[in-house]
Amino acid sequence: TPQEVLFRAVHFINETHSAKFITNDVRFRSFICCGLNEQCLHLWFEVFCSNADQESLRQAYYQSWAFIRSPAWKQVI
């Protein structure tokens, strides 16, 4: 399922990108690549962006003009 792939991708990235010189940007790019390779990135975006319960998380980590907080995230679907 997409949730299992998401869990495995996060676990894989945490294991392989554990060095302190690796930035979050590199981790995020690897995460996006995992989603694209598994052909489930659009499902991950839908879970994270469409769920109203996740709004506080989106506000905490993303600016108001960020792609994830805009209606434009639907372009991924």
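Note that the coordinates shown come from a computational prediction; the quantities given were computed from them, not determined experimentally. (Residues numbered from 1 in each chain as written. Predicted model: local features only at pLDDT ≥ 70, side-chain atom pairs only at ≥ 80, totals over all residues. Heavy atoms only, no water.)

Peer 1: Can you walk me through the side chain of histidine 17 in this structure?
Peer 2: Within the secondary structure layout, histidine 17 lies in the loop between helix 1 (2–16) and helix 2 (24–37). In terms of polar contacts, histidine 17 uses its side chain to reach the side chain of serine 30, at 2.9 Å. If sequence neighbours within four positions are ignored, histidine 17 has contacts with Ile22, Val26, Arg27 and Ser30. (Helix = DSSP H or I, 4+ residues; strand = E, 2+ residues; numbered from the N terminus. Polar contact = N/O pair within 3.5 Å; in protein donor to acceptor, adjacent residues only side chain to side chain. Contact = heavy atoms within 4.5 Å.)

Peer 1: So what exactly am I meant to see when it comes to the environment of serine 70 here?
Peer 2: Here serine 70 shows up in the segment after helix 4 (55–61). Relative accessible area serves as the criterion here: at 19%, serine 70 is assigned to the buried category. A distance of 3.0 Å separates the side chain of serine 70 from the backbone oxygen of phenylalanine 67, its partner in a polar contact. (Buried < 20%, exposed > 50% of the residue type's maximum accessible area, 1.4 Å probe, protein only.)

Peer 1: Sorry if this is basic, but what is going on with the nonpolar core here?
Peer 2: General note: in soluble globular proteins, nonpolar side chains tend to be found buried as a group. Ranked by size, the top nonpolar core spans 13 residues in total, and within it Phe31, Ile32, Leu41, Trp44, Phe45 and Cys49 carry the most contacts. Mapped onto this core, the elements with two or more residues apiece are helix 1, helix 2 and helix 3 (41–50). The leading source of residues in this core is helix 3, at four residues. Aside from chain neighbours lying at most four places away, what touches leucine 41 is Ile32, Gly35 and Leu36. (Core = buried A, V, L, I, M, F, W, Y, C linked by side-chain atoms within 4.5 Å.)

Peer 1: So what exactly am I meant to see when it comes to the environment of glutamine 59 here?
Peer 2: Relative to the helices and strands, glutamine 59 resides in helix 4. Expressed as a C-alpha distance, the spacing of glutamine 59 and threonine 16, which sit 43 residues apart in the sequence, is 28 Å.

Peer 1: How do you make sense of helix 1 when you look at a structure like this?
Peer 2: The periodicity of an α-helix, 3.6 residues per turn, causes residues three or four positions apart to be oriented the same way. In this model helix 1 runs 21 Å from its N-terminal to its C-terminal C-alpha over 15 residues, within 8% of the 21 Å that 1.5 Å per residue would give. If you check which residues of helix 1 are buried, you get Val5, Ala9 and Ile13. Buried residues of helix 1, seen end-on, are gathered within an arc of 65 degrees and therefore sit on one face of the element. Along helix 1, the residues that are exposed and aim more than 90 degrees away from the buried face are Gln3, Phe7, Arg8 and Glu15. (Expected span 1.5 Å × (residues − 1). Arc of directions from axis to C-beta.)

Peer 1: Help me understand unusual backbone geometry in this model?
Peer 2: Of all residues except glycine, most have a negative phi; of all peptide bonds, most are trans. One non-glycine residue, glutamine 39, adopts positive backbone phi at about 55 degrees. Within the secondary structure, glutamine 39 sits in the loop between helix 2 and helix 3. By relative accessible area, glutamine 39 is classed as exposed at 66%.

Don't take any of this as a statement about function, it's just geometry.
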